[in-house]
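Chain and residue survey
Listed here are the chains, written in short residue letters.
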Amino acid sequence: MDRPVEYIERTRNYYAAQGFTTPYRWASNDDSVCAPLGKPLSESVVGLATTAATYPRKMFDPRHVVAIPNNELPNKFFADDLEWDRAATHLDDTGSYFPFELLCKLADDGSIGRLAQRSYFLPTEYSQRKTIESDANLVLRYCVEDQVDALLMVPL
Amino acid sequence: MSLISRVLEQNGIATVIIGSAKDVVELCGVARFLFTDYPLGNPMGKPYDREMQERNLRQGLAMLETVVSPRTTWLSPFHWDASREWKQKYMEIREEDRELLRAKGEERRNQRQSRRSTQPK
């Protein structure tokens, strides 16, 4: 079984088995845009984003986009409210979903221009309307403020 | 996160997603996607395997410089393990678990209802 897991079908079946009658509708788009980087990576400001949180959250707690200066990053992140494979793996190594140290190394060796001053924590928000109208515009504002040329996005 | 990447791209900021839910990301339609075929939770690679994580990172960053067409997916060459057992196990519905799943769903609906009824109007 080397095909990718079909998470949409798997998730629908799983929640149907729990008695939920209205299946979640994942975002679906026919169109897509690709902005060119426009300069070498070695001259670019690169930002880092993950879906993990910097504060503990439970399933129904409000979820907030957060930007944190890199010199104030916590040692631990939180993802108890997110769907990830708790049976197959763990989140003890933050580098497995938030490659901050490696990006610092790539900045040091000149592979990237520099890291953005802040990192971004973008919890999965199940309302697509809120994601587009609120969260995305906030992230865009943060990226402009931080002069980000390219954003590396790592969803759990 | 995929939806947010689309808004950034529309505003001139290049993005790359490194992730493991291929169907979800591709359905949303993003610019650049490095698919790492691993259990959800460790899209950069196995915990503490810095070599695997760094090579995935470098591949993802390479997409930023080379990819100019939207909906481009690259596949990481690294496998999680030989068994692939995790692919079958995730959200697996076994007959003997059905009653437990129904109870879990009921508990969740009750929690949600309780939370709604205690929220200020």
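Preceding this paragraph is the structure being described.
Turning to the interface of chain B and chain A, a few remarks are in order. It is common to give the size of an interface as the accessible area lost on bringing the parts into contact. Taken together, the contacts link 75 residues of chain B with 78 residues of chain A. With both chains or domains summed, chain B and chain A bury close to 7000 Å², and 65% of this area falls on carbon and sulfur atoms. Of all residues in chain B, Met1(B), Tyr90(B) and Met91(B) bury the most surface against chain A, accounting for 11% of the area lost on that side. Our count for the chain B to chain A interface comes out at six salt bridges. The partner of Asp93(A) in a salt bridge is Arg50(B), and the shortest N-O contact between them spans 3.0 Å.

Here helix 3 (residues 128-145) of chain A crosses helix 1 (residues 2-10) of chain B at 50°, and the two axes come no closer than 9 Å. When the axis of helix 3 of chain A is compared with that of helix 1 of chain B, the two are oblique. For the pair helix 3 of chain A and helix 1 of chain B, the sense of crossing is right-handed. Between helix 3 of chain A, through Gln128(A), Thr131(A), Ile132(A), Asp135(A), Ala136(A), Asn137(A), Val139(A), Leu140(A) and Cys143(A), and helix 1 of chain B, the contact on the second element is made entirely by Leu3(B), Ile4(B), Val7(B) and Leu8(B).

Relative to the helices and strands, Ile17(B) is located in strand 1 (residues 14-19). The exposure class of Ile17(B) is buried, given its relative accessible area of 0%. When neighbours within four sequence positions are excluded, Ile17(B) is seen to be in contact with Met153(A), Pro155(A), Ser2(B), Ser5(B), Val30(B), Arg32(B), Phe33(B) and Leu34(B).

Of all residues except glycine, most have a negative phi; of all peptide bonds, most are trans. Although it is not a glycine, Gln147(A) adopts a positive phi angle of roughly 55°. Relative to the elements of secondary structure, Gln147(A) occurs in the loop between helix 3 and strand 5 (150-154). In this model, Met91(B) sits at a positive phi of 55°, which is unusual for a non-glycine residue. Its location among the elements puts Met91(B) in the loop between helix 4 (85-89) and helix 5 (98-118).

What follows covers helix 1 (residues 7-17) of chain A. Of all the positions in helix 1 of chain A, only Tyr7(A), Ile8(A), Arg10(A), Thr11(A), Tyr14(A), Tyr15(A) and Ala17(A) are classed as buried. Packing partners of the buried residues in helix 1 of chain A comprise helix 2 (22-28), helix 4 and helix 5 of chain B.

Here the focus is the pattern of salt bridges. Scanning all chains against the criterion turns up 25 salt bridges over all chains. Between Lys87(B) and Asp37(B) there is a salt bridge, with the nearest N and O atoms lying 2.6 Å from each other. Remark: Asp37(B) occurs in the loop between strand 2 (32-35) and helix 3 (50-66) and Lys87(B) occurs in helix 4; sequence separation between them is 50 residues. The partner of Glu51(B) in a salt bridge is Arg55(B), and the shortest N-O contact between them spans 3.7 Å. Taken together, the residues Glu51(B) and Arg55(B), both in helix 3 and four residues apart, mark about one turn of the helix. Exposure remark for Glu51(B): the relative accessible area of 54% places this residue in the exposed category. Within the structure, one salt-bridge network assembled from shared partners comprises Asp2(A), Asp37(B), Arg84(B) and Lys87(B).

Turning our attention to the side chain of Arg32(B). By the element assignment, Arg32(B) lies in strand 2. Residue class for Arg32(B) comes out buried when judged on its relative accessible area of 0%. A polar contact is formed between the side chain of Arg32(B) and the backbone oxygen of Ala35(A), at a distance of 2.5 Å.

The next subject is the nonpolar core. Phe98(A), Leu103(A), Leu152(A), Leu156(A), Leu57(B), Leu61(B) and Leu64(B) are the most contacted members of the largest nonpolar core, which totals 52 residues. Within the residue set of this core, elements represented by two or more residues are helix 1, strand 1 (45-50), helix 2 (100-108) and strand 5 of chain A together with strand 1 and helix 3 of chain B. Per element, the largest residue contribution to this core is five residues, and it comes from helix 3 of chain B. With residues near it in sequence (within four places) discarded, Leu156(A) still touches Thr50(A), Thr51(A), Ala52(A), Ala79(A), Leu82(A), Trp84(A), Leu91(A), Tyr97(A), Leu40(B), Gly41(B) and Pro43(B). Within the second largest apolar cluster, 25 residues are counted, among which are Ala67(A), Cys143(A), Leu151(A) and Val25(B).

Calculation notes
Residues numbered from 1 in each chain as written. Chains lettered and ligands numbered in written order. Predicted model: local features only at pLDDT ≥ 70, side-chain atom pairs only at ≥ 80, totals over all residues. Heavy atoms only, no water. Contact = heavy atoms within 4.5 Å. Buried area = accessible area lost by both parts, 1.4 Å probe. Salt bridge = Lys/Arg side-chain N within 4 Å of Asp/Glu carboxyl O. Axes fitted to C-alpha atoms, helices over the stretch in contact; angles between N-to-C directions. Helix = DSSP H or I, 4+ residues; strand = E, 2+ residues; numbered from the N terminus. Parallel < 35°, antiparallel > 145°, perpendicular 65-115°, else oblique. Left-handed = near helix turned anticlockwise from the far one by under 90°. Buried < 20%, exposed > 50% of the residue type's maximum accessible area, 1.4 Å probe, protein only. Polar contact = N/O pair within 3.5 Å; in protein donor to acceptor, adjacent residues only side chain to side chain. Core = buried A, V, L, I, M, F, W, Y, C linked by side-chain atoms within 4.5 Å.

Nothing here speaks to function; it is all geometry.
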